[in-house]
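Working through the structure, step by step
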Amino acid sequence: MAKVVVLGSGFAGQTAALNLRKSLGKDHEVVVVTPNKKFGYVPSWVWVGVGRMDVSETQFELAPVYKRMGIGYVNGLARAVHPDDNYVMVDLLEGGEEKVEYDYLINATGPKLNYAATEGLGPDHGHTVSICTPNHAAEAGEEYLKMVERMERGEEVKMLIGTGHGMATCQGAAFEYIHNIAFDLEERGLLDRAKITWLSNEQALGDFGVGGMVIGKGGYTVSGKIFAEASFMEKGFGWITGAHVTKVEEGKAHYITIDSAEDQVEEFDFAMLIPAFAGVPIKYINKDGNDITGELCAPNGMLKVDADYTSAAKGFDNWKKEDWPETYQNQTYGNIYAAGISFAPPHPISKPAAAPDGTPIVASPPRTGMAAGIIGHVVALSVADIINGKADKPVHTASMANFGAACVASMGKSMTKGSAAVIAMFPVVPDYERFEYGRDMDATFGDQGLAGHWLKALLHHLFIYKMKGKFGWWLIPD
Amino acid sequence: MKVKYTPYTQLAEAWMQPGPFAKFTRTCVLWQIVKFAAYNLKIIKVVAKGH
Ligand SMILES: Cc1cc2nc3c(=O)[nH]c(=O)nc-3n(C[C@H](O)[C@H](O)[C@H](O)COP(=O)(O)OP(=O)(O)OC[C@H]3O[C@@H](n4cnc5c(N)ncnc54)[C@H](O)[C@@H]3O)c2cc1C
């Protein structure tokens with residue numbers, strides 16, 4: 001009998017746990033350790049942040065799902081992993097701690113939202129709102145509606161949306177948010193009372209941390225930057241790119257850019273800036289009681305897996321698809337895996353840049369919900385095969401240089417007037433040796449319209465259904 | 001909201017204003033049903049390539 005412990009219940013953790021349960025007999029144990037009582041469907045928090053969806057519509061209780069599926073549930077935060085002795089120390093939410101033993105461990109703990117990396121950033125100790133947790137998204141929605149009230153009274157309001165650090169990722173969520181704000185304000189007849197500005201670390205609009213993309217349109221092959229800029233132009237947004245936010249004060253964001261290390265300031269009444277991501281602060285302790293976190297994790301705390309971490313130093317022009325991990329197995333402890341955002345990427349996908357003072361500015365590689373699901377799935381299949389005696393090493397692979405991504409970016413929530421950009425690319429990491437434009441143009445496209453919103457709305461229900469492990473859940477792709 | 005074209009500005013450099021027909025197609029239900037089907041097929045293709 002084997003015991004698999006999954007840390008985290010996001011897209012990666014939940015997908016891994018459901019697939020493990022499906023692939024393993026009842027004599028094997030699957031246990032999820034998570035601080036959450038509810039699963040949260042993250043993509044719809046954009047709508048919560050503009051007051052167009054109640055946060056409860058994005059959540060469901062985990063306990064009944066785990067009970068029905070026969071998955072163990074430890075409601076707490078993993079604090080320390082003891083990889084030589086195969087156990088995790090967990091701080092329980094109800095108080096106290098629990099020692100959770102494992103034969104296989106899947107770390108799917110997602111990101112630590114590193115607000116502390118930028119002084120004054122974030123909703124708890126800073127001056128900006130966030131849509132990265134359900135509570136923060138609900139608070140953002142309330143703050144946003146206060147801005148609406150001010151505009152209704154005839155005031156002009158300055159809004160600043162984007163990323164709050166030179167190494168941030170998740171520009172797609174900020175892109176969705178800025179467009180949802182514009183859509184909502186336009187519907188209320190208030191868009192001309194808002195001065196909306198985009199501030200991001202991308203070298204150019206449409207980079208999204210994947211080095212941008214080229215799509216086929218009307219017989220032409222066109223840079224995605226043109227469409228991203230056009231979508232901003234249509235709503236009258238201003239944009240500042242290649243920026244690292246150095247400090248946020250009440251109503252003021254200080255930043256430097258790739259072109260200038262001079263302190264520049266953008267004023268705001270309302271700001272949502274995505275923080276840098278780091279690994280969650282789990283310690284790895286060896287049998288001698290020594291902290292080996294620095295050996296097992298990248299400097300940002302994300303767990304190292306089967307990527308080539310020596311490749312970063314070789315520089316952008318020498319990066320190859322082989323740098324990217326395939327099995328997500330830790331190379332020191334073969335029974336530990338990382339899935340979703342928690343694995344350390346070998347290097348960015350976008351071309352790194354820096355401010356004149358040397359501050360690095362590059363959109364970090366995104367690991368979207370789809371990528372998190374795919375990785376959670378292959379890790380689960382590999383572990384199940386090893387437990388079932390079908391393999392003695394992980395055989396299921398999914399490299400970001402070999403799988404694609406489909407992203408439906410909401411640009412307004414309404415079943416009759418809404419819109420979304422439907423973007424698909426294959427592969428996520430461009431491969432210029434194989435494809436002229438880095439990606440297979442047959443499976444790479446972008447478009448915008450009402451059907452995109454229908455798709456986004458459908459995905460909301462489909463994935464909540466899947467994550468509940470309801471009848472036929474495995475038929476829904478990751 | 002109507003964005004004003006002002007030459008030599010950031011907005012002017014990114015100018016790609018949809019005309020009435022382009023705007024109509026974005027929310028035309030019949031056309032969008034066709035698009036919805038097309039998007040699903042394209043996404044299935046992307047998913048299939050990765051497996
Ligand atoms: C507003 C927003 C909109 C987005 N929209 C999209 C979209 O439209 N499409 C898309 O593909 N992606 C989207 N993304 C990205 C997507 O949400 C992430 O890629 C995805 O959530 C990553 O999944 P994950 O499981 O790796 O991490 P998470 O979803 O962050 O899950 C991590 C889990 O680990 C738990 N955890 C944390 N610390 C510990 C610990 N110490 N011990 C145990 N458990 C722990 C957390 O509580 C959580 O349950 C969006 C992101 C945001 C913020």
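Worth saying up front: this structure is predicted, and the values here are computed from it rather than measured. (Residues numbered from 1 in each chain as written. Chains lettered and ligands numbered in written order. Predicted model: local features only at pLDDT ≥ 70, side-chain atom pairs only at ≥ 80, totals over all residues. Heavy atoms only, no water.)

1. Topic: the sheet that holds strand E25 (residues 419-425) of chain A
Filter applied, for reference: Whether two strands pair depends on DSSP finding at least two bridges between them. Counting from the N terminus, the helices are the DSSP runs of H or I reaching at least four residues and the strands are the DSSP runs of E reaching at least two. For helices, the fitted axis covers only the stretch in contact; all axes are lines through C-alpha atoms, and the angles between them, taken along N-to-C directions, range from 0 to 180 degrees. Two residues qualify as a contact provided that any one of their heavy atoms is within 4.5 Å of a heavy atom in the partner residue.
Sheet architecture is open: three strands sit in the order E24-E25-E26 (chain A), paired in antiparallel fashion. Since the sheet does not close on itself, it has two edges, and those belong to strand E24 (405-412) and strand E26 (445-449) of chain A, each with one partner. With direction set aside, neighbouring strand axes in the sheet form an average angle of 10°. Where E25 of chain A lies against E26 of chain A, five bridges are found, and the strand directions are antiparallel. The partner of Val-422 of chain A across the bridge, within E26 of chain A, is Asp-447 of chain A. Contacting E24, E25 and E26 of chain A, helix H3 (residues 29-49) of chain B crosses the sheet at an angle of about 150° to E26 of chain A.

2. Things to note about the packing of aromatic side chains
The relative placement of two aromatic rings is captured by the distance of their centres and the angle of their planes. Which entries qualify depends on this criterion: In this analysis, rings of Phe, Tyr and Trp, with Trp reduced to its six-membered ring, are considered paired at centre separations within 6.5 Å, and the interplanar angle assigns stacked below 30 degrees, edge-to-face beyond 60, and tilted for intermediate values. Charge-over-ring contacts are defined here by two conditions on Lys NZ or Arg CZ: a distance within 6 Å of the ring centre and an angle within 35 degrees of the ring normal.
Evaluated as defined, the whole model comprises 17 aromatic pairs over all chains. Where Trp-454 of chain A meets Phe-36 of chain B, the ring centres are 6.2 Å apart and the plane angle is 65°; that geometry is what we call edge-to-face. Here the residue Trp-454 of chain A occupies a position in helix H9 (residues 450-467), and Phe-36 of chain B occupies one in helix H3, the pair thus bridging two chains. Between Trp-473 of chain A and Trp-474 of chain A the ring centres are 5.9 Å apart and the planes differ by 90°, which places this aromatic pair in the edge-to-face class. Connected via pairs of aromatic rings, a cluster forms that spans Phe-175, Trp-198, Phe-208, Phe-232, Phe-237 and Trp-239 of chain A. Above the face of the Tyr-309 of chain A ring, Lys-304 of chain A is positioned so that its terminal group lies 5.8 Å from the ring centre. Over the ring of Trp-47 of chain A we find Lys-413 of chain A; its NZ or CZ atom is 5.5 Å from the centre of that ring.

3. Considering the site of the ligand
Residues and elements named next belong to chain A. Note the cut-off: Note on terminology: near, applied to a residue and a molecule or strand, indicates that one of the residue's heavy atoms is within 4 Å of it. Pairs of N or O atoms within 3.5 Å make up the polar contacts considered here, provided that, within protein, one atom can donate a hydrogen while the other can accept it, and that residues adjacent in sequence are counted only when both atoms are side-chain atoms. For this classification, Asp, Glu, Lys and Arg are treated as charged, while Ala, Val, Leu, Ile, Met, Phe, Trp, Tyr, Cys and Pro are nonpolar and the rest, including Gly, are polar.
Looking at the ligand, there are 33 residues lining it, with Asn-36, Ile-341, Arg-367, Gly-369 and Lys-456 nearest. Between the ligand and Ser-9, the relevant distance is 3.1 Å, taken from an oxygen atom to a main-chain nitrogen or oxygen of the residue. The backbone of Ala-12 places a nitrogen or oxygen atom 2.9 Å from an oxygen atom of the ligand. For the shell around the ligand, the elements supplying multiple residues, two or more each, are helix H1 (11-23), strand E2 (29-34), strand E5 (72-82), helix H5 (171-187) and helix H8 (369-387). Class assignment for the residues of the shell around the ligand results in 20 nonpolar, 10 polar and three charged.

4. Examining the environment of Met-167 of chain A
If you trace the backbone, Met-167 of chain A turns up in the loop between strand E10 (157-163) and H5. For the pair Met-167 of chain A and Ser-311 of chain A, spaced 144 residues apart in sequence, the C-alpha to C-alpha distance is 18 Å.

5. Let's talk about the pairing of strand E15 (residues 243-249) of chain A
Note on strand geometry: in a regular strand, side chains alternate between the two faces of the sheet. In the sheet, E15 of chain A pairs with strand E16 (residues 252-257) of chain A via six bridges, with the strands oriented antiparallel. Bridge pairing links Ala-243 of chain A to Thr-257 of chain A in E16 of chain A.

6. Points about the interface of chain B and chain A
Interface size, as often reported, equals the accessible area lost upon joining of the parts. To be explicit about the condition: Two parts placed together each lose some accessible area under a 1.4 Å probe, and the buried area is that loss summed for both. Take a side-chain nitrogen of Lys or Arg and a carboxyl oxygen of Asp or Glu: if they are within 4 Å of each other, that pair is a salt bridge.
Taken together, the contacts link 26 residues of chain B with 40 residues of chain A. At the boundary of chain B with chain A, total buried surface from both sides reaches about 2,900 Å², with 69% on carbon and sulfur atoms. When the area that chain B buries against chain A is broken down by residue, the three leading residues are Met-1, Tyr-39 and Val-46 of chain B, summing to 23%. For the interface between chain B and chain A, the tally reads four salt bridges. Our count for the contact surface shared by chain B and chain A stands at nine residue pairs in polar contact (both at pLDDT 80 or more). Taken together, the elements giving at least two residues each to the side of chain B that touches chain A come down to helix H1 (10-13), helix H2 (20-27) and H3 of chain B. Element by element, the count of residues in the side of chain B that touches chain A is highest for H3 of chain B, at 13 residues. The residue makeup of the side of chain B that touches chain A, split by class, is 14 nonpolar, six polar and six charged.

7. Some words on the sheet that holds strand E17 (residues 264-267) of chain A
All names here are of chain A. Sheet architecture is open: three strands sit in the order E15-E16-E17, paired in antiparallel fashion. Taken across any chain shown, the strands that pair with only one partner, and hence form the sheet edges, are E15 and E17. The mean angle between the axes of side-by-side strands here comes to 30°, regardless of whether they run parallel or antiparallel.

8. Thoughts on the side chain of Thr-58 of chain A
Residues and elements named next belong to chain A. The criterion, for reference: Remark: exposure states derive from per-residue accessible area (1.4 Å probe, protein chains only) relative to the maximum for the residue type, with buried under 20%, exposed over 50%, and partly exposed in between.
Considering the arrangement of structural elements, one finds Thr-58 in the loop between helix H2 (45-48) and strand E4 (59-61). Residue Thr-58 is classed as buried on the basis of its relative accessible area of 0%. Among the polar contacts made by the side chain of Thr-58, one reaches the main-chain carbonyl oxygen of Val-55 at a distance of 2.6 Å. When sequence neighbours within four positions are dropped, the list of residues in contact with Thr-58 reads Phe-39, Gly-40, Tyr-41, Ser-44, Trp-45, Val-48, Met-53, His-460 and Ile-464.

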